[in-house]
Amino acid sequence: MTEFWDRISAVSPDPPVWIVQAAALVALAIVLIPQTWRIARNVVTIAHEGAHLFVALITGRQLMGLRLHSDTSGVAISKGKPTGLGVIAMTFAGYIGPSLLGLGAAFVLGTQRASAVLWIGIISIALMLLMIRNIYGFASLVTVGAALFVVSWWGTGEQQVAVAYFLTFFLLIAGPRPVLELQRSRSSGRARDSDADQLARLTFLPGIVWVGLFLLVTVGSLAMGAWRILVPVQ
């Protein structure tokens, strides 16, 4: 247990500027290139559904299960009141979850705790495995969790730093894209039961306002996270 805690709390080496810049550029390329985005979007879905589950848990809802699908969609199932602040918060959490996770990681990196960023991901995925209800979802979680564990346990300090910065930049940069994709789907009538439209039915605000709030949080998180990471290394 002592060794485990030492790994999580270990102080990371101060990264060279080029590693931070390279991590940001690779993350940006993966988000922008359609072929890589189709694969990497699975990681965003994991964070999206994990955010639903986390907020459902802290608002007192009963967690029932989680499914991740090969088309990068997913569903987090919980049981509780069909209306009220709890279900509104849970529904709102999905699209902003990856960005807020990236923002939190950016602040952890600011304390030179790159290993902690990786272990937060590993522990979160391990907890989500308890809720998974389909084979593809299980395989997705195990793949991502195993990759993080290999780097965390056997990687050098420099490798852990590079991966932690890449993962943080990826979550921050990727956050707004699903929101834009959501609005395109809504505009063509292909997302009538989206999170934004569910929120519209739960509140007096129309779906487009909720999409705007998703975008505000995700873009704001990107700006704040990038500032938190990049300013100290300039």
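Residues numbered from 1 in each chain as written. Predicted model: local features only at pLDDT ≥ 70, side-chain atom pairs only at ≥ 80, totals over all residues. Heavy atoms only, no water.

- Under the annotation held in an unreviewed UniProt entry, the protein carries the name M50 family metallopeptidase and is attributed to Rhodococcus sovatensis.

Quick look at the pairing of strand 2 (residues 74-79)
Reasoning step 1: When strand 1 (residues 62-68) meets strand 2, the two strands line up antiparallel, connected through six bridges. Each residue of the ladder has a partner; that of Gly65, found in strand 2, is Ile77.
Reasoning step 2: Between strand 1 and strand 2, which pair antiparallel one after the other, the connecting turn spans five residues, and Thr72 there sits at a positive phi close to 70°. (Pairing = 2+ DSSP bridges. Helix = DSSP H or I, 4+ residues; strand = E, 2+ residues; numbered from the N terminus.)

So, the UniProt feature "transmembrane region" (unreviewed entry) in the protein
Reasoning step 1: According to UniProt, the positions carrying the feature "transmembrane region" (unreviewed entry) are residues 15-33, 87-108, 114-131, 138-156, 162-180 and 201-227.
Reasoning step 2: Here residues 15-33 runs as 84% helix and 0% strand, with 27 Å between its end C-alpha atoms.
Reasoning step 3: The span residues 114-131 carries 89% helix and 0% strand; its end-to-end C-alpha distance comes to 27 Å. (UniProt positions renumbered as here; feature names shortened; annotations may be inferred.)

Remarks on the environment of Val217
Reasoning step 1: Looking at the element boundaries, Val217 is found in helix 10 (residues 207-233).
Reasoning step 2: On a C-alpha basis, the gap between Val217 and Ile96 in space is 6.4 Å, while along the polypeptide they are 121 residues apart.

Considerations on unusual backbone geometry
Excluding glycine, most residues fall at negative phi; most peptide bonds, likewise, are trans.
Reasoning step 1: Here the phi dihedral of Thr72 falls at roughly 70°; this positive angle occurs in a residue that is not glycine.
Reasoning step 2: Here Thr72 lies in the loop between strand 1 and strand 2.
Reasoning step 3: A residue is classified by how much of its surface remains accessible, and Thr72, at 11% relative accessible area, is buried.
Reasoning step 4: One non-glycine residue, Gln112, lies in the positive phi region at around 60°.
Reasoning step 5: Assignment of secondary structure puts Gln112 in the loop between helix 4 (85-109) and helix 5 (114-129). (Buried < 20%, exposed > 50% of the residue type's maximum accessible area, 1.4 Å probe, protein only.)

Description of the environment of Val211
Reasoning step 1: Note that Val211 resides in helix 10.
Reasoning step 2: Owing to a relative accessible area of 6%, Val211 belongs among the buried residues under this scheme.
Reasoning step 3: Val211 sits 48 residues away from Val163 along the chain, and the two C-alpha atoms are 31 Å apart.
Reasoning step 4: Beyond its immediate chain neighbours, meaning those up to four positions away, Val211 contacts Val179, Leu182, Gln183, Arg186 and Ala196. (Contact = heavy atoms within 4.5 Å.)

Side note on the side chain of Arg228
Reasoning step 1: Position of Arg228 among the secondary structure elements: in helix 10.
Reasoning step 2: In this structure Arg228 is buried but unpaired, with Asp14 as the nearest side chain of opposite charge at 10.0 Å.
Reasoning step 3: Leave out the neighbours within four places in its chain, and Arg228 touches Ala106, Phe107 and Gly110. (Lys, Arg positive; Asp, Glu negative; His and termini not counted. Salt bridge = Lys/Arg side-chain N within 4 Å of Asp/Glu carboxyl O.)

Observations regarding empty space enclosed by the protein
Reasoning step 1: Taken as a whole and assessed by the stated rule, the structure comprises two cavities of 30 Å³ or more.
Reasoning step 2: Here the largest cavity defines a volume of roughly 40 Å³.
Reasoning step 3: In terms of residue class, the lining of the largest cavity is made up of six nonpolar, two polar and one charged.
Reasoning step 4: Its volume calculated, the second largest cavity comes out at about 30 Å³.
Reasoning step 5: Around the second largest cavity, the lining residues are Asn42, Thr45, Ile46, Leu68, His69, Ser73, Tyr136 and Ser140.
Reasoning step 6: If you list the elements that add at least two residues to the lining of the second largest cavity, you get helix 3 (34-58) and helix 6 (135-154).
Reasoning step 7: Take the lining of the second largest cavity: its biggest share by element is three residues, from helix 3.
Reasoning step 8: When grouped by side-chain class, the residues that make up the lining of the second largest cavity number three nonpolar, five polar and no charged. (1 Å grid on protein atoms, 1.4 Å probe; cavity = no way out; pocket = protein on both sides within 12 Å on 5 of 7 lines; lining within 4 Å. Points joined across faces, edges and corners; volume = space filled by probe spheres on them. Nonpolar A, V, L, I, M, F, W, Y, C, P; charged D, E, K, R; others polar.)

Examining the environment of Ala162
Reasoning step 1: Among the secondary structure elements, Ala162 is positioned in helix 7 (residues 157-174).
Reasoning step 2: C-alpha separation for the pair Ala162 and Arg67, spaced 95 residues apart in sequence, amounts to 30 Å.
Reasoning step 3: Among residues more than four places away in sequence, those in contact with Ala162 are Ile19 and Ala23.

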